[in-house]
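Summary of structural features
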Amino acid sequence: MEAVHDVVILGSGLAGLRAAVEAARVSNDELDIAIVSRVQLVRSHSVCAEGGTAAVMQPEEGDSLELHAWDTVRGSDFLADQDVVKRFVEESPKEILQLEHWGIPWSRRHDGRINQRPFGGHSFDRATFAEDKTGFFEMHTLYDTLQKFARVTRYDECYVTSILVDNGVFQGITAWALTSGEFFLIKGKALVIAAGGACRMFAFTTYSLSATGDGMAMAYRAGLPLKDMEFVQFHPTGLVPSGILITEGARGEGGYLINNKGERFMEKYAPSKMETAPRDIVSRSEMTEILEGRGFSRPDGLDYVHLDLRHLGADRINERLPLIREVAIKLASIDPIEKPIPIRPAAHYCMGGIRTDIDGATPVEGIWAGGEVACVSLHGANRLGANSTAECLVWGKIIGEKAARYAMARGSVAPTPPQRIQEEERRLFGWIGHGNGKEDVFLIRAELQRLMDKNVSIYRNGPDLEAALKKVRELKQRVEHVRVVDTSRIYNTNLVAVLETINLIDLAETIVLGALARTESRGAHSRTDFPDRDDVNWTRHTLAYYSPEGPRLEYSSVNISMWQPVERKY
Ligand SMILES: Cc1cc2nc3c(=O)[nH]c(=O)nc-3n(C[C@H](O)[C@H](O)[C@H](O)COP(=O)(O)OP(=O)(O)OC[C@H]3O[C@@H](n4cnc5c(N)ncnc54)[C@H](O)[C@@H]3O)c2cc1C
């Protein structure tokens, strides 16, 4: 089967939905738009975003675009491209108002204005929020808005397996409809990749099960470079033992981090910002406390510290953090009104992704990427909380418009040789019936996750990374020999797990190799054998290109148009 559309959007999270709305809007509903998602549309991970979306909304009260830009650049440990940051801070307030006009119920102040809360690394209360369910309300507002447009086709629960590029120009994607088992080609004039992050390569993570980096891995194999993959964010407050996120808003509202001696230990590490220092710093501080014996131990090794909200009082917790209370009660049997919450750092965000220019364009004609799957270089080596949902909205709009204008100008799409589809179908379903394979994909994935948690985590060093590279390459060989016991084409989760694991392994290889090469500490990449930032040699971006032997690394320059790097202190 073959389906043909004008603009194909891969992913229905915040970036994908914002792009879809914009593409429909600028074309006056003339373009035929497809949204393809491996989950039901609004079950994308964006719906889990809790704490807020950053934007300068109160300039008359002291905030400014320049301050937001400076916080973002300093938070990025001077690896963000500063022209990108400038554009971001200028556009994000417009997106907050745009969502307001589309009906989002932002939490408000007593004077009726949109409320904002403090967030890590921001020097002004800048996180716009809707309770602690910001992503949920944003997703539903965009979904509602999409209903205004007639020419949008949804492919829900449809797993995309490859991106086809011919002579440097986008052709189509191959997709497997999980509910019917059908395999088909979706052709388009333009592609928007908005397929989210890859944190499921770690075991202790805040991420949905579906965040397996498929978009990044497919783009990488189609020849698009990945950028700055070694920078993985660990969020300071993953609930123990599930890893479910306790929003930074909990510290923004005034929560304390406490060690086993009852001390507010952030005093030692970031005396001026305390618990609301940037995430890389807070996560390292927690790990240092745990490693030096001031945490609470658990038999499963998930040692933790406490997040204490009790002094906020029941009213504030119920008003501002109802989801957090519910999650702590349901998943850790702890009511934060009465007891501190056990937390530790959890893998939370990929700063790296598909390389794009400032307009979200990739090096392949007809392909744009935005949101977490992309690396437009807004976050550099460490993202500030609340800047990601804002990035999804800002670049979702930009790439939706660019892709639409390109599609309106482009003539018909060239035919795709049928053998390319047949080859991909064979690659995919060839796994079925591998009943004799000696490896179990779920065990391989668990090994990968344990390895990444142990060797490629908050603190890294050369020997651990060398060992990780060797092991990742061994897993890459072994995954070729997995057995797929389920022989059906319908909702074959066994086969999906194989495809996901292949993707995660390819991406893990780019992370480990980039981390090994980067002999410095910057942002979320902290090497105990190279503890200092090395501005002379390493103020540059890493690019990873696919080759069958493994990633080939190249480097590119950082845009430093506003501020020269200085020491980062909080
Ligand atoms: C628990 C949690 C809380 C967060 N809270 C905040 C917050 O308060 N503020 C903030 O700024 N950021 C927050 N973040 C980060 C932010 O929410 C995400 O970075 C952002 O929402 C990602 O959006 P996205 O559109 O790029 O991708 P996603 O929302 O992850 O969507 C990815 C889409 O791609 C689709 N897809 C992927 N692979 C395939 C495939 N093979 N075939 C078909 N479809 C595919 C998926 O189905 C999905 O629709 C949070 C993240 C988490 C995990």
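Residues numbered from 1 in each chain as written. Predicted model: local features only at pLDDT ≥ 70, side-chain atom pairs only at ≥ 80, totals over all residues. Heavy atoms only, no water.

The helix and strand tally for the protein stands at 16 helices and 23 strands. Relative to the compact-globule value of 25 Å for 570 residues, the protein shows a C-alpha radius of gyration of 23 Å, a close match. For the C-alpha atoms alone, the extent of the protein along its principal axes is close to 65 × 55 × 50 Å. If you take every contact in the protein between residues at least 6 apart in sequence, the share linking residues at least 24 apart comes to 75%. Only carbon and sulfur atoms are counted for the fraction: they give 50% of the accessible area of the protein, which is about 20500 Å². Positive and negative charge centroids in the protein, built from 67 and 78 side chains respectively, lie 1 Å apart. (Helix = DSSP H or I, 4+ residues; strand = E, 2+ residues; numbered from the N terminus. Rg over C-alpha atoms; globule rule 2.2 N^0.38 Å. Contact = heavy atoms within 4.5 Å. Areas by Shrake-Rupley, 256 points an atom, 1.4 Å probe, with all protein chains shown as cover. Lys, Arg positive; Asp, Glu negative; His and termini not counted. Charge placed at Lys NZ, Arg CZ, Asp CG, Glu CD.)

For the protein, the assigned domains are domain 1 (2-231 + 349-409), domain 2 (235-346) and domain 3 (418-546). On a C-alpha basis, the centroid separation for the pair domain 1 and domain 2 is 28 Å. Between domain 1 and domain 2, the contact holds 21 residues from the first and 29 residues from the second. Taken together, the two surfaces of domain 1 and domain 2 that pack against each other cover about 1900 Å², and 56% of this comes from carbon and sulfur. Among the ionic pairs, Arg117 bridges to Glu253, the shortest N-O distance being 2.9 Å. Counting the contacts that link domain 1 with domain 2 gives 10 residue pairs in polar contact (both at pLDDT 80 or more). When grouped by side-chain class, the residues that make up the side of domain 1 that touches domain 2 number 5 nonpolar, 10 polar and 6 charged. (Domains from an automatic or database assignment. Buried area = accessible area lost by both parts, 1.4 Å probe. Salt bridge = Lys/Arg side-chain N within 4 Å of Asp/Glu carboxyl O. Polar contact = N/O pair within 3.5 Å; in protein donor to acceptor, adjacent residues only side chain to side chain. Nonpolar A, V, L, I, M, F, W, Y, C, P; charged D, E, K, R; others polar.)

What follows is about the side chain of Thr247. Following the sequence through the fold, Thr247 ends up in the loop between β13 (232-239) and α6 (249-252). On the accessibility criterion, Thr247 (1% relative accessible area) is buried. If we ignore the near neighbours within four places in the chain, the residues touching Thr247 are Glu50, Gly51, Phe119, Asp132, His235, Thr237, Leu321 and Ile324. (Buried < 20%, exposed > 50% of the residue type's maximum accessible area, 1.4 Å probe, protein only.)

Aromatic rings considered in pairs are described by the distance between their centres and by the relative angle of their planes. Counted according to the given criterion, the structure contains 13 aromatic pairs. When the centroid spacing of 5.3 Å and the interplanar angle of 20° are considered together, the rings of Phe296 and Tyr304 count as stacked. Ring centres of Trp368 and Tyr406 lie 5.4 Å apart, and the angle between their planes is 65°; on these two criteria the pair is classed as edge-to-face. With Trp368 in strand β18 (residues 367-369) and Tyr406 in helix α11 (residues 387-409), the pair connects residues that are 38 residues apart, well separated along the chain. Taking relative accessible area as the criterion, Trp368 reaches 8% and is therefore assigned buried. The class for Tyr406 is buried, based on a relative accessible area of 17%. An aromatic cluster of at least three residues, connected via ring pairs, comprises Trp70, Phe78 and Trp563. Here the guanidinium or amino end of Arg489 rests over the ring plane of Phe429, the centre of that ring lying 3.7 Å away. (Phe/Tyr/Trp six-rings, centres within 6.5 Å; stacked < 30°, edge-to-face > 60°. Lys NZ or Arg CZ within 6 Å of the ring centre and 35° of its normal.)

With that out of the way, let us pick up the packing of helix α2 (residues 65-75) against helix α3 (residues 82-101). Running from N to C, α2 and α3 point in directions that differ by 135°, and their axes come no closer than 9 Å. The angle between the axes of α2 and α3 places the two elements in the oblique class. As for the relative orientation of α2 and α3, their crossing is right-handed in sense. Judged by residue contacts, Leu65, His68, Ala69, Thr72 and Val73 of α2 engage Gln82, Val85, Phe88, Val89, Glu90, Ser92 and Pro93 from α3. (Axes fitted to C-alpha atoms, helices over the stretch in contact; angles between N-to-C directions. Parallel < 35°, antiparallel > 145°, perpendicular 65-115°, else oblique. Left-handed = near helix turned anticlockwise from the far one by under 90°.)

All right, on to the site of the ligand then. Neighbouring the ligand are 39 residues; Ser44, His45, Ser46, Glu372 and Thr389 lie closest to it. Within the backbone of Ala15, one N or O atom sits 3.0 Å away from an oxygen atom of the ligand. Between the ligand and the protein, one listed contact pairs an oxygen atom with a side-chain N or O atom of Ser37 at 2.8 Å. Burial of the ligand by the protein amounts to 98% of the accessible area it has alone, namely 1000 Å². Broken down by secondary-structure element, the contributors of at least two residues to the shell around the ligand are α1 (14-26), β8 (158-166), α5 (214-221), β16 (341-350) and α11. (Near = heavy atom within 4 Å.)

Side-chain alternation along strand β11 (residues 190-193) places Ala190 and Val192 on one buried face and Leu191 and Ile193 on a second face that is also buried. Here 4 bridges tie strand β2 (residues 7-10) to β11, and the two strands are oriented parallel to one another. Residue pairing across strands places Val8 opposite Leu191, the latter belonging to β11. As paired strands, β11 and β18 are joined by 3 bridges and run parallel to one another. Residue pairing for β18: Val192 is matched across the bridge by Trp368. (Pairing = 2+ DSSP bridges.)

Ile163, Ile193 and Met201 are the most contacted members of the largest nonpolar core, which totals 116 residues. Sorting elements by how many residues they give to this core places helix α15 (residues 493-517) first, with 15 residues. Ignoring sequence-local partners within four residues, the contact set of Ile193 consists of Leu10, Ile163, Gly215, Ala219, Ile354, Ile367, Trp368, Ala369, Gly370 and Val373. Formed by 38 residues, the second largest nonpolar core is a distinct cluster that contains Ile9, Ile35, Leu99 and Leu393. (Core = buried A, V, L, I, M, F, W, Y, C linked by side-chain atoms within 4.5 Å.)

Here we come to the pattern of salt bridges. Tallied over the entire structure, the rule returns 56 salt bridges. The shortest N-O distance in the salt bridge between Glu439 and Arg478 comes to 3.1 Å. Remark: Arg478 occurs in helix α14 (residues 462-478) and Glu439 occurs in the loop between α12 (418-429) and α13 (441-455); sequence separation between them is 39 residues. In this structure, Glu439 and Arg478 share a single accessibility class: buried. A single network of salt bridges, built from pairs that share partners, joins Asp77, Glu230, Asp280, Arg284, Arg518, Glu520, Arg522, Arg533, Asp535 and Arg568.

This paragraph deals with unusual backbone geometry. Omega for the bond connecting Val240 with Pro241 falls within 30 degrees of zero, at 5°, which places this linkage in the cis form. Along the chain, Pro241 turns up in the loop between β13 and α6. A positive phi angle, close to 50°, is found at Glu131, a residue other than glycine. One can find Glu131 in the loop between β6 (127-128) and α4 (134-146).

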